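Structural overview for review
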Amino acid sequence: MLISITSVKGQVNTSGYSDVARQRLLIRIIGQYLHTISQGQIDMDSAILVPCKLYGFSPLLIHNEGYSNGKPTNGTHLLDAGKVKAAEALKDKLQGEPRMRVLVELASYFVFRPGNTKPDLREAARYINEAVRLSKDQSPQWQIESMTLKAHLLSQSGQPDEGQRVINEALKLSERSGNTLVRARTLMNAGELLFYGNPLRLSYFEKALSIFRSQKLKDKEIEALSLINIEYFVTKRYDLAEKRLLEVVTLQKDINFRQQQYPYDGLAFMAQRKGELTNALAYSNKSLECLTSKNDSVFKSFFFARRAMLYEHLGNFPESIGWYNKALEKQTGGTRLFWYKSFLGKVGTLNQINKAKEALSMLNRTVKQFPPTNLFEQMHVALFYGISYENLKQLNLAEKNYKAFLSIAAHFPLEYVHDEFPSAFFQISTFYRTIGNTVQARLLLERGKKYTSESDFERKENYYYFLFKIDSTEKRYLNAIKNIQLSHQFADSAFSYDQRKKVNELLVKYEADQKDKSIKLLSSQNQLAQIRAKEADKTKNITLAGLALLLVIAGLLLNRYLIKQKTNRKLQASQRELDQKNVFLEQLNAGQEKLLKEKEWLIREVHHRVKNNLQMVTSLLSSQSAYLHDKAAIIAVKDSLRRMQAMSMIHQKLYQDENISTISMAEYIYELARYLHDSFDMDNRIVFKQNIEPLELDVVQAIPLGLIITESIVNAIKHAFLNEQRGIVNIQLQRDGPEYLILKISDNGSGMHEEIDKLRPKSLGLDLMQGLSRQLQGTLTIENNNGVQVIVRFKILNK
């Protein structure tokens, strides 16, 4: 991806840094960040131009470190303005080192121009060949500069081996020069000419770092450490990468380098990958706190997207969508680098919360206006189309897009693969398992595992869980039990109660800090307004005082002054008393809020544990059913599995949602009906129609109501439509007056062939439904009218 950058001539340095060392560091830090976070879809030369334009720097500033103190020359001004012919004419008028400088600047202008067009490379070669020839009569510094540029030219021209030969000659020359700083800069260039993951690349950077430390050049230490961090990051050695980034943060503080949001964002990403959500959130807080200037906020979409992903991992989907919306506020073709990933992230989150239609609509709208322009975008657009179509049960379209993703992924550079491949392959593996192709599902699951790092507990939890699903489908029940236990083990490691509690504490702290900053800003504004008002009053009082001196006597003025002093003392005493009461009330309120939050954490943890235990029991029963031969026993076990799943779904929603005491019945009944539909192999013979009023019920009523719905739907599926007959099951939940609800579940099947004695039920299901109706303090009616109709009328629980 290329970014169009206009000339920076005439712009003023807006970075706030007067020294050239920090100016160059700012360009490098932002350029490396953009190149890395775009996963190679924006080339390094284009990435470097972004901060140059934003902060008013010459694009040559980053390349002339070996011969310039940062002050622009006539040649620099001409090239910044794009006046190449004028710069060449200037070069022809000069001799010696001044001529060499303009020659090298002309070569740099074309070598590091975005893209590798043949005209640019030809022009670069012309200037470099002249520079190499003239440098033989100059100091070794110019020979090294010329040879380094030639190595970059050869690399960009598709001759990396020849480029390595030339840079090796430059390295030997730098070593013979005796100038350790020139040696270090040449080592840095030699490393950057190698591909990511090449062990020699890391070795060059480490040697350069050693020299910079000996010279006590902290800005250069930061530069070398940043490149070393990227090497560790690419090879998924996150512990070492984190260690280097923490060194970067410390050194940046030492030199008063303000833009620390970039290393903090990297630390947040690595902590998230390792399952350390507490640390990830703390680093995210710090990265957001560093966005203090207008220029720094240009890249805010990246940091908002990171925040959204953290909320998504915490299961707080409303907050995740909110942060994605912030990142998507300004969508233009010129800013797509900053927001396109957030668009893809929001589509993924919408699919997670069962809003596939909205996700598909967003995909169609955005892709039509901003078609994908590179492999990364094409690959992920295909993936999310597949997920959306799968959730909408359009399986042929889903598979078509999944295959498109796999085809593009096979050609995507491995050095730019971050964490999307494991999730994508697991997702597609689940799709093939669902449609019965477990062989393909297992192959894709193992492909996803290859891209999972050892410290990524969340991905390991998903891997073993999906492996459990495949083994269960293939009736490998002993392996299935082993894998579900490993899945729970990694789940507890990644999302322990203590970690979730610390995460929530950090969220509260961050929100409180933001409120404090807003209050301070408001206070400052109020103080300014008060000062202005006082100045106006003062002018007015002076005028009135002049008139008053002619009208009143000194004694009256003194009397008024004494009265005013007395009144002020009374007011001050009253104010102190009021302040003391306010402090006491605030402390009391803070204590109550703390107790309430701890109670909510405990309740949420209970629901989480109950859900896990129910899943474990469900898994064990499912495995046990494979060893049963009695048909009645198998049916009874499967009925019990469905009842436990109905209860498990309620506890899952309670620990994931913000509200820990009530259930949204519309969402719950939709998911329950979908689960029951999928649990029977019906070939879509039976259609479910739902008319559910938007309302929330206490968990005390939601569980028995869910079990009644389960029993009614299962009975309809089993008995109402015989001989593969097609039919409809209607589910209604509506208010019946201000205090009552009425549940109706009906089918258009064959109906009951004999009268049911409601007082003496003949099956566990009917007996269970009557018992649950009494638990709801309601009535159960079963009618036989063109099918079976189950009616439950009960009173809404008063909270």
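Small disclaimer: the values here were computed from a predicted structure and weren't measured.

**Notes on the overall build of the protein chain**
- Check the secondary structure of the protein chain and you find 30 helices and seven strands.
- The 799 residues of the protein chain split such that 48% are buried.
- In the protein chain, the proportion of contacts linking residues at least 24 apart, taken out of those at least 6 apart, comes to 66%.
- For the protein chain, the accessible area works out to roughly 40,500 Å², and carbon and sulfur atoms hold 53% of it.

**Here we look at the sheet that holds strand β6 (residues 779-784)**
- Sheet architecture is open: five strands sit in the order β2-β4-β5-β7-β6, paired in mixed fashion. The sheet terminates laterally at β2 (686-692) and β6, the two strands that pair on one side only. Adjacent strand axes in the sheet meet at a mean angle of 10° when their direction is disregarded.
- Pairing between strand β5 (residues 740-747) and strand β7 (residues 788-795): seven bridges, direction antiparallel. Its bridge partner being in β7, Lys744 is matched across the sheet by Ile791.

**Concerning the pattern of salt bridges**
- Taken as a whole, this structure holds 29 salt bridges when the rule is applied.
- For Arg165, the salt bridge is made with Glu162, and the minimal N-O distance between the two is 2.5 Å. With Arg165 and Glu162 both in helix α8 (residues 160-177) and three residues apart, this pair spans about one turn of that helix.
- Overall, Arg165 belongs to the partly exposed group, its relative accessible area being 39%.
- Salt bridges sharing partners connect three or more residues here, namely Glu206, Arg213, Glu221, Arg244 and Glu247.

**A look at unusual backbone geometry**
- Phi at Lys216 takes a positive value of approximately 55°, unusual for a residue other than glycine.
- Tracing the sequence through the fold places Lys216 in the loop between α10 (199-214) and α11 (218-234).
- Since its relative accessible area comes to 69%, Lys216 is described here as exposed.
- One non-glycine residue, Lys475, lies in the positive phi region at around 65°.
- By the element assignment, Lys475 lies in the loop between α23 (457-473) and α24 (477-494).

**Some thoughts on the packing of helix α4 (residues 84-93) against helix α5 (residues 96-111)**
- Two elements in contact, α4 and α5, have axes separated by 8 Å at closest approach and are oriented at 155°. Here α4 lies roughly antiparallel to α5, going by the angle between them. As α4 packs across α5, the resulting crossing turns out to be left-handed. Here Val84, Ala87, Glu88, Lys91 and Asp92 of α4 lie close against α5, whose contacting residues are Arg99, Val102, Leu103, Leu106, Tyr109 and Phe110.
- In terms of residue class, the contact of α4 with α5 is made up of seven nonpolar, no polar and four charged.

**Focus on the packing of aromatic side chains**
- Overall, the coordinates contain 28 aromatic pairs when judged by the stated rule.
- Summarising the aromatic geometry, the rings of Tyr109 and Phe110 are spaced 5.1 Å apart at their centres and angled 85° between planes, so their arrangement reads as edge-to-face. The exposure classification of Tyr109 matches that of Phe110, with both residues buried.
- For the pair Tyr264 and Tyr283, a centre-to-centre distance of 6.3 Å together with 25° between the ring planes defines the contact as stacked. Of this pair, Tyr264 sits in helix α13 (residues 261-273) while Tyr283 sits in helix α14 (residues 277-289), placing them 19 residues apart in sequence. By the burial criterion, Tyr264 is buried, and Tyr283 matches it.
- Joined through ring pairs, the aromatic side chains of Tyr33, Tyr262, Phe299, Phe302, Phe303 and Phe338 make up one cluster.
- Taking the ring centre of Trp323 as reference, the NZ or CZ of Lys326 above it sits at 4.0 Å.
- A cation over a ring is seen here: Arg793 above Tyr740, with NZ or CZ 4.0 Å from the ring centre.

**Side note on the confidence of the model for the protein chain**
- The share of residues in the protein chain with pLDDT of 70 or more is 81%, and the mean pLDDT across the chain is 82.
- Segment residues 1-9: pLDDT under 50, and 32 contacts once partners within four positions in sequence are set aside and those in other chains are kept.
- With pLDDT under 50 throughout, residues 519-528 is counted as low confidence; its partners more than four residues away or in other chains account for zero contacts.

**Things to note about the side chain of Glu88**
- Take Glu88: it is sitting in helix α4.
- One polar contact links Glu88 to Tyr127, side chain to side chain, over a distance of 3.1 Å.
- Among residues more than four places away in sequence, those in contact with Glu88 are Leu106, Arg126 and Tyr127.

**Observations regarding α8**
- Taking 1.5 Å of rise per residue, 18 residues should cover 26 Å, and α8 covers 25 Å from first to last C-alpha, within 8% of that figure.
- Listed in full, the buried residues belonging to α8 are Gly163, Gln164, Val166, Ile167, Ala170, Leu171, Leu173 and Ser174.
- Directly beyond the C-terminal end of α8, a positive phi value near 80° is found at Gly178.

**Observations regarding the pairing of β7**
- Summarising the sheet, β6 and β7 pair through six bridges and their orientation is antiparallel. Pairing of Ile782 across the sheet is with Val790, part of β7.
- Counting the residues in the hairpin turn of β6 and β7 gives three residues, including Asn786, whose phi is positive at 55°.

**A word on the nonpolar core**
- With 83 residues, the main nonpolar core has Leu34, Met270, Phe299 and Phe302 as its most contacted residues.
- No other element matches helix α1 (residues 20-37), which puts eight residues into this core.
- Apart from the residues within four sequence positions on either side, Phe302 is in contact with Tyr33, Leu34, Ile37, Leu337 and Phe338.
- Ile321, Trp339, Phe370 and Tyr432 belong to the second-largest nonpolar core, a separate cluster that totals 47 residues.

**Some details on the pairing of strand β4 (residues 727-735)**
- Relative to β4, β2 is paired through seven bridges, and the arrangement is parallel. Looking at the pairing, Ile686 lines up with Gly727 of β4.
- Pairing analysis gives seven bridges linking β4 to β5, with the strands arranged antiparallel. Within β5, the residue paired with Leu733 across the bridge is Leu743.

**A closer look at the environment of Ser135**
- With respect to the helices and strands, Ser135 occurs in helix α6 (residues 118-135).
- Residue Ser135 is classed as buried on the basis of its relative accessible area of 2%.
- Excluding anything up to four places from it in sequence, Ser135 contacts Met100, Trp142, Gln143 and Ser146.

Conventions adopted
- Residues numbered from 1 in each chain as written.
- Predicted model: local features only at pLDDT ≥ 70, side-chain atom pairs only at ≥ 80, totals over all residues.
- Heavy atoms only, no water.
- Helix = DSSP H or I, 4+ residues; strand = E, 2+ residues; numbered from the N terminus.
- Buried < 20%, exposed > 50% of the residue type's maximum accessible area, 1.4 Å probe, protein only.
- Contact = heavy atoms within 4.5 Å.
- Areas by Shrake-Rupley, 256 points an atom, 1.4 Å probe, with all protein chains shown as cover.
- Pairing = 2+ DSSP bridges.
- Axes fitted to C-alpha atoms, helices over the stretch in contact; angles between N-to-C directions.
- Salt bridge = Lys/Arg side-chain N within 4 Å of Asp/Glu carboxyl O.
- Parallel < 35°, antiparallel > 145°, perpendicular 65-115°, else oblique.
- Left-handed = near helix turned anticlockwise from the far one by under 90°.
- Nonpolar A, V, L, I, M, F, W, Y, C, P; charged D, E, K, R; others polar.
- Phe/Tyr/Trp six-rings, centres within 6.5 Å; stacked < 30°, edge-to-face > 60°.
- Lys NZ or Arg CZ within 6 Å of the ring centre and 35° of its normal.
- pLDDT = per-residue confidence, 0-100.
- Polar contact = N/O pair within 3.5 Å; in protein donor to acceptor, adjacent residues only side chain to side chain.
- Expected span 1.5 Å × (residues − 1).
- Core = buried A, V, L, I, M, F, W, Y, C linked by side-chain atoms within 4.5 Å.

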